Amino acid sequence: MENLINDVLLGLLMITGFAIVRMKSLLGVTMLTSIYSLLSASLFVVLDAVDVALTEAAIGAGIATVLMVATVALTTDEEKVPRHTPLLPLLVVMATGAALIYGTLDMPHHGDPLAPAHRYVADSYLHDSPVEIGVPNVVTSVLASYRGYDTLGEVTVIFTAAAGVLALLGYRTRGRNIEAAGIRKQVVLRVIAKLFFPLILLFALYVQFHGDYGPGGGFQAGVIFATGFILYALAFGLGTAQRLIPSQLLRILAAAGVLIYAAVGLESMLLGGKFLEYRVLADDPIAGQHLGILLIELGVGITVASVMLIIYYGFVSRRH
Amino acid sequence: MFIAVSSVILIAIAVGLVRAIRGPSLYDRVLAANMIGTLTVLMVAILGFMTGRPEFLDIALVYVLISFVSTLAVLRVHNPGAGTTASSVKGSGEQ
């Protein structure tokens, strides 16, 4: 049964992919990519990758589409018709595709228990995580503790992305605050936004602090948090949103998140452990692990949320 | 039971996808994407109970809460009545 659902979802994904390539209206393409993300999140759920599915749900359904729409608004809705013949690109794509398919021949078969992914560290993570870290969600313990260095790198990459967007787009620290009469007419929108805004923030906090137990964690929570503020900005205007959470504050927060993460690492060094070795943070090693994971997830959440908002502000405050 | 429900949902998603691809207007596509969003919420919930892991409902909840934000953004940009398509994405509602 699950295999059948898998196949159907993969087929629908393929159809959507081809339609995205064929379609000329870029806003239509944006809608199709959001459908693509919905379908792939269902696929991740079927594959039991709950944390990935939650990430896809948070990013694909909300923020990615909003940012693409903002880009279309800054540029144009119509795809340019290429003037060159598509022969050479087609050849390049075919050659690359053939090379990639040739590469998969060496890969282990689907579900092969002897595949390298199942043999080296994965076993010990699954086996030792309940004893060493005591967090029910193994994904969180791998991401935040065993692979804490990688995650610190990822957060730094996200921070760098915000710095890049700021350098390229820049933004006025205060957007034009046009309290247009048009908003006041859209009663349904304003009421819904008012109702949903606190709920979204509450759910973001739940994802943030429940990440040890269920799917979720700082990355997903940060994106959901930012989506809440984007909804607020869409309904009440960018200026109002910037009064609620100013751009200068966002810049400080984006850096603060990375610093919290790194500070946890330094603190564990000062207490006599290695960098990001959480078990020295408290008297009980397991309590130390919990504290460390909670703190670094908090840092991740703060950075991700502020970076997403910085990028959104950067896109929409730019004059056309 | 689960099999019947999930196949009906998959068929409905496929039908919605046809509308999203064929269009012809942007509103058809927006509606289709919205409908597929709702169906995905149902699908994820069904899968959660089918595999005995009700914590999948978290994912369904995320979709319920934030999937309409992107629809809102598209409708803010696409505003042919006002004669301009780009300026209203500023989120300041200059219609």
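This one's a predicted model, so the numbers in the text were calculated from it and none came from an experiment.

Asks: Any details on the layout of surface pockets? Residues and values, ideally.
Replies: Estimated volume of the largest pocket: approximately 330 Å³. Lining the largest pocket are 15 residues, and of these Asp-48, Asp-51, Asn-137 and Val-139 of chain A together with Arg-53 of chain B sit closest to its centre. For the lining of the largest pocket, the secondary-structure elements that each account for two or more residues are helix 3 (50–74) and helix 7 (138–146) of chain A. Within the lining of the largest pocket, the residues separate by chemical class into nine nonpolar, two polar and four charged. Viewed by domain, the lining of the largest pocket spans two of them, domain 1 (1–79) and domain 2 (134–320) of chain A, each represented by three or more residues. Of the voids in this model, the second largest pocket is the one considered here, and its volume is about 290 Å³. In terms of lining, the second largest pocket is formed by 15 residues, of which the most central are Ser-145, Tyr-146, Leu-276, Glu-277 and Gln-289 of chain A. If you list the elements that add at least two residues to the lining of the second largest pocket, you get helix 7 and helix 8 (148–169) of chain A. The element contributing the most residues to the lining of the second largest pocket is helix 8 of chain A, with three residues. Here the lining of the second largest pocket is composed, by residue class, of six nonpolar, three polar and six charged.

Asks: Go over a nonpolar patch on the surface, please, and point to the residues and values.
Replies: Residues Met-1, Leu-4 and Val-8 of chain A together with Ile-3 of chain B make up a contiguous nonpolar surface patch of roughly 340 Å² in combined accessible area. Along the chain, the position of Met-1 of chain A falls in the segment before helix 1 (2–22).

Asks: Can you tell me about the confidence of the model for chain A, naming the residues and giving the values?
Replies: Residue and element names in this part refer to chain A. Here chain A averages 83 in pLDDT, and 95% of its residues register 70 or above. Ranking the helices and strands of chain A by mean pLDDT puts helix 4 (residues 87–104) first, with 92, and helix 9 (residues 181–185) last, with 52. Between residues 177–182, whose pLDDT stays under 50, and residues either more than four places distant or in other chains, the model counts 13 contacts.

Asks: Describe the pattern of salt bridges, naming the residues involved and giving the relevant values.
Replies: Side-chain pairs of opposite charge can arise whenever the charged atoms involved come near each other. Residues and elements named next belong to chain A. All chains considered together, the criterion is met by two salt bridges over all chains. The partner of Arg-279 in a salt bridge is Glu-277, with the nearest N and O atoms 3.0 Å apart. Since its relative accessible area comes to 17%, Glu-277 is described here as buried.

Asks: Any chance you could break down the packing of helix 10 (residues 187–209) of chain A against helix 3 (residues 57–77) of chain B for me, citing the residues and the numbers?
Replies: Their axes nearest at 11 Å, the elements helix 10 of chain A and helix 3 of chain B cross at an angle of 140°. Taken together, the axis directions place helix 10 of chain A and helix 3 of chain B in an arrangement best described as oblique. For the pair helix 10 of chain A and helix 3 of chain B, the sense of crossing is left-handed. The residues of helix 3 of chain B that touch helix 10 of chain A, namely those facing Leu-189, Ile-192, Phe-196, Leu-199, Ile-200, Phe-203 and Tyr-206 of chain A, are Asp-58, Leu-61, Val-62, Val-64, Leu-65, Ile-66, Phe-68, Leu-72 and Arg-76 of chain B. Of the residues belonging to the contact of helix 10 of chain A with helix 3 of chain B, the class tally is 14 nonpolar, no polar and two charged.

Conventions used here
- Residues numbered from 1 in each chain as written.
- Chains lettered and ligands numbered in written order.
- Predicted model: local features only at pLDDT ≥ 70, side-chain atom pairs only at ≥ 80, totals over all residues.
- Heavy atoms only, no water.
- 1 Å grid on protein atoms, 1.4 Å probe; cavity = no way out; pocket = protein on both sides within 12 Å on 5 of 7 lines; lining within 4 Å.
- Points joined across faces, edges and corners; volume = space filled by probe spheres on them.
- Helix = DSSP H or I, 4+ residues; strand = E, 2+ residues; numbered from the N terminus.
- Nonpolar A, V, L, I, M, F, W, Y, C, P; charged D, E, K, R; others polar.
- Domains from an automatic or database assignment.
- Patch = residues over 30% accessible without salt bridge, like charges linked within 9 Å, V, L, I, M, F, W, Y side chains within 5 Å.
- Areas by Shrake-Rupley, 256 points an atom, 1.4 Å probe, with all protein chains shown as cover.
- Salt bridge = Lys/Arg side-chain N within 4 Å of Asp/Glu carboxyl O.
- pLDDT = per-residue confidence, 0-100.
- Contact = heavy atoms within 4.5 Å.
- Buried < 20%, exposed > 50% of the residue type's maximum accessible area, 1.4 Å probe, protein only.
- Axes fitted to C-alpha atoms, helices over the stretch in contact; angles between N-to-C directions.
- Parallel < 35°, antiparallel > 145°, perpendicular 65-115°, else oblique.
- Left-handed = near helix turned anticlockwise from the far one by under 90°.

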